[in-house]
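# Fold and contact review
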Amino acid sequence: MMMARRPLLALAICLAIVVALTAQTPANGQRIISLVPAATEMLFAIGAGPEVVGVSSFDTYPPEVATRTRVGALVDPDYERILTLRPTLVVVYGSQTDLVERLGRSRIPVFSYRHVGLPDVTTTIRELGARVGRMTEANALASAIEAKLADVRRRVSGLPRPKTMLVFSREVGALRGIYASGGIGFLHDLLVTAGATDVFADVMRQNVQVSSEQLLARAPEVILELWPSKGWSAARETQERAAWRQLPAVPAVRANRILMLADDKLTIPGPRVGEVAQALADALHGTAR
Amino acid sequence: MTDALRPETHPSQPRPHGPSPPHLLRAPLTRGLPIVALSFVALVASVGLAPFVGSTSLSFTRVFATHVPFGDNVDAQIFLLARLPRAVAAALVGASLASAGVVFQSLLQNPLATPYTLGISAGASLGAMLAITFGAAFPLAGVAAASLVGAFLAVLVVYALARARQHGLSTTVLLLSGVTLNAFFSALILFVQYLSDFTSTYRALRWLMGDLDVAGYAPILAALPFLIVAFAAFIWLARPLNLLSLGADAAGTRGLDVHRTQRVAFFSASIATGAAVSIGGPIGFIGIIVPHLVRLMVGADHRLVLPVSAFLGGAFLVTCDTVGRTVFAPLELPVGIITALVGGPFFLWMLLKRR
Amino acid sequence: MGVLAASRLSFAYGSDPVLDDVTVEVAHRDVVGILGPNGSGKTTLLKLLAGSLTPASGCVTLDGRALDKIPRRELARRVAVVPQETHLAFDYTVLEIALMGRYPWLGAFEIEGPSDLAAAADALDATGTAPFARRAFPTLSGGEKQRVIIASALAQLDDRAAPDPHQRDTHRVLLLDEPTASLDLRYQLEIGALVGRLRRDRDVTIVLSSHDLRLVGSVCSSLILLSHGRVLATGPTRELLTPEIIGELYEVRADLAAPLLP
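Keep in mind the model is a prediction, meaning the values are calculated, not measured.

Glancing now at the arrangement of the chains. Considering every one of the 2 pairs of chains in contact, the largest contact total is recorded for chains B and C. At their nearest point, the C-alpha atoms of chain A and chain C are still 41 Å apart, with no contact between the two.

See the structure below:
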């Protein structure tokens, strides 16, 4: 009743509410939250960056993610914060069933992300593209990636394929807690693409915890280690190489064929996998052509 | 002074007179020596046999074939570089945790005390968590060293807290300090895990389950000085700990330097525990199962309980580790899970058993 | 000069005064009883006499030597304490407990020898506990347990292994803190008889604190009466164990105290 008597005040309040609600909605009205760093990269790569309003705690690429709201990650998604952002689509991990259920109850659309192998990357790009209305850009991106991968395969096709162990995680400065790629998964596929034989090709798991016994039994000729870029330096590399000298009986250690790459993109199954394949191929076979 | 107070001798109690029965004159200690020898043999046997078992099938003739250069002899490499150090590590860790358990139970006058009761493993775990989570950014010394530092920090804090009120080490105050430290450090550990990324969290959880795959002798050698000091102290502590079981006052009136004994016991057992945890992580149940079983076998004399617990603790852990790495080969079950699977039913049995 | 003498002792737990200006003297082969209500400082006095506690002022001497000047082990060979109750953390056998009394006679890594075993056997015999030698302590009755602890104390005082003949001439003191406090009548009488036998058969000076007027009346030759941390009176038992004096000590009417006296 008070509002009826003061129509101008009512109008001003309504306008304020509308402005607040719409202030941050991008042009085409989509508000996307991505809990998966790989998916975030995909969204930005297909031009949906402006529609992304929320990212995970661990997103670092592209640089624009710094300006987006952080909403947690795999084990600790901040449900309240997600709701506050009023998303029109939330990209989650396939295993986050709890979160999916809650979002479903709030009627928020969900894109469930599961990646296993390398082909899933381009498949997911296409699916995401369809979901956010950027099919053309998605197809273009996917094709470019596929072409790049094919190119890498072609370049290494005639070269010898060393028995390689791809280590993606290890205790700092020690040979404990070594995790390597198993015979399935995008890391394995990348390794094979880059022209190597996976020493754990017969183990049908994505990750293998490598005991010292397995290390000696499998006897890799090359050890390829992927490290995060944070904290990496020449001193760290020396330290990590020294750690391997504890087991000089391993052929890769004896022949000093331990390759270390430090870059966050190496373990992200996102749009930059083509670059990753190239980087691995360069490391394995020398920078060439 | 009336004779009315002299009671009639009860018919079932013969009035003692004359020389004592001969069996009384054999020292109780010597009766336990065969068990000490047997348990030592068990330890040596377990360490010697464990490398022959594993997920990879080895040709043992090839392992010991001296004509094949070591660099080409994968079988020998696996036996000597992967399995044997692991068995030795398990033996040392098991021996340390079991004997530290005995000492802590004596110090705290409680058979339910464990090497972790006073917060040492919480300190070690915090050190390890910090190294695992932030190790890449601050690569100081590695997880093992960090856990050792964390353990010693916890020891000093508990000691300072326990000493704050009085000169000696009251068991009640020690216990309370330990419980406080456990709670506080556990909260810090959760906080660190909250800050860490998924990989670090997973790695940290995995560390907590125990891992004896030392990949060479270096981690063992690094911890060895601490273990030697601790074991030497245990040898000295054996008889004083017997006296301590009568109570601090009663031990003191029999000529024991109670404060010194408590200090030596506290620090040596803490050092042993810290070193053991730095090698293999906080493996549970050994520090309580083994001492309990050993006391059932040999009685309460620490001069028997300590060595037998050490030997059998080592043999037990070697066995658990061997089971863990073979039963689901090539997958490895963390050794802490095996000891927990044995420990749970053990506690149930203890609970149900009537004294 | 008495075997054990305390001169102007005072002691406080924190800011809580417990004993004030206590002077006592214990003669050779005497059996001295310390009587007093709870809180009068009996246990504290006993601990000071044993050397477990250090007085705030005053001093305790054994054969003329100040207790704090006597090395711990030597003191343990000459003064043994039997506490009111013993709670064992682990299941030691009776023989093991008796042998624990031999601690002050053994080196750091020395194993008990024949003389130690003989001393323990002797002590078990004297207390009638030899039949239980291999039994676990917690399985015994209250009276049996107390006798075992007394045996341990006797083994502690047994100086057959002393290399120095001069040492054999030094006096031994047995201190008992309320030895019958938690026991049934039967066991009270047993302990009483045991103390009587020890007094008669052994060259040992005994000091015991107690509420048990019958025990005190039957075995003690002299008494120390403590009230509120001060000595009310000392002297021969027959003189002090009267309804009037006991009544004054416990702050009850003499006629109430009378039936309790032997």
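Back to the text.
All names here are of chain A. Its location among the elements puts Glu 41 in helix H3 (residues 37–45). We classify Glu 41 as buried; its relative accessible area is 5%. Setting aside residues up to four positions removed in sequence, Glu 41 forms contacts with Tyr 61, Ile 268, Pro 271 and Arg 272.

Turning next to the side chain of Ser 40 of chain C. Residue and element names in this part refer to chain C. Here Ser 40 is to be found in the loop between strand E3 (31–35) and helix H1 (42–50). Among the polar contacts made by the side chain of Ser 40, one reaches the main-chain carbonyl oxygen of Pro 37 at a distance of 2.5 Å. Discounting chain neighbours no more than four positions away, the residues touching Ser 40 are Val 18, Leu 19, Leu 226, Ser 227, His 228 and Gly 229.

Moving on to the pairing of strand E10 (residues 230–236) of chain C. Pairing of strand E9 (residues 222–227) of chain C with E10 of chain C involves 6 bridges; the strand directions are antiparallel. Directly across from Leu 225 of chain C, in E10 of chain C, lies its bridge partner Ala 233 of chain C.

Nonpolar side chains tend to gather and get buried jointly when the protein is soluble and globular. One finds Leu 174, Phe 266 and Leu 317 of chain B together with Leu 35, Leu 174, Ile 206 and Leu 208 of chain C to be the most contacted residues of the largest nonpolar core, which totals 144 residues. Ranked by the residues each element gives to this core, the list is headed by helix H4 (residues 74–107) of chain B, at 13 residues. Setting aside residues up to four positions removed in sequence, Leu 35 of chain C forms contacts with Lys 42, Ser 210, Leu 213, Val 216, Leu 223, Ile 224, Leu 225, Leu 226, Leu 241, Ile 246, Leu 249 and Tyr 250 of chain C. Leu 43, Val 52, Ile 125 and Val 152 of chain A belong to the second-largest nonpolar core, a separate cluster that totals 47 residues.

What follows deals with the pattern of salt bridges. This model, assessed by the stated rule, comprises 42 salt bridges over all chains. When the shortest N-O distance is used, the salt bridge between Arg 254 of chain A and Asp 72 of chain B registers 3.8 Å. In this pair, Arg 254 of chain A is assigned in helix H11 (residues 251–254) and Asp 72 of chain B in the loop between helix H3 (60–63) and H4, connecting two distinct chains. The closest approach of N and O atoms between Arg 62 of chain B and Asp 75 of chain B, which form a salt bridge, is 3.7 Å. Residue Arg 62 of chain B is found in helix H3, and its partner Asp 75 of chain B is found in helix H4; the two are separated by 13 residues along the sequence. Taken together, the shared-partner salt bridges connect Arg 170, Glu 225, Arg 236 and Glu 240 of chain A into one network.

What counts, and where the lines are drawn
- Residues numbered from 1 in each chain as written.
- Chains lettered and ligands numbered in written order.
- Predicted model: local features only at pLDDT ≥ 70, side-chain atom pairs only at ≥ 80, totals over all residues.
- Heavy atoms only, no water.
- Contact = heavy atoms within 4.5 Å.
- Helix = DSSP H or I, 4+ residues; strand = E, 2+ residues; numbered from the N terminus.
- Buried < 20%, exposed > 50% of the residue type's maximum accessible area, 1.4 Å probe, protein only.
- Polar contact = N/O pair within 3.5 Å; in protein donor to acceptor, adjacent residues only side chain to side chain.
- Pairing = 2+ DSSP bridges.
- Core = buried A, V, L, I, M, F, W, Y, C linked by side-chain atoms within 4.5 Å.
- Salt bridge = Lys/Arg side-chain N within 4 Å of Asp/Glu carboxyl O.

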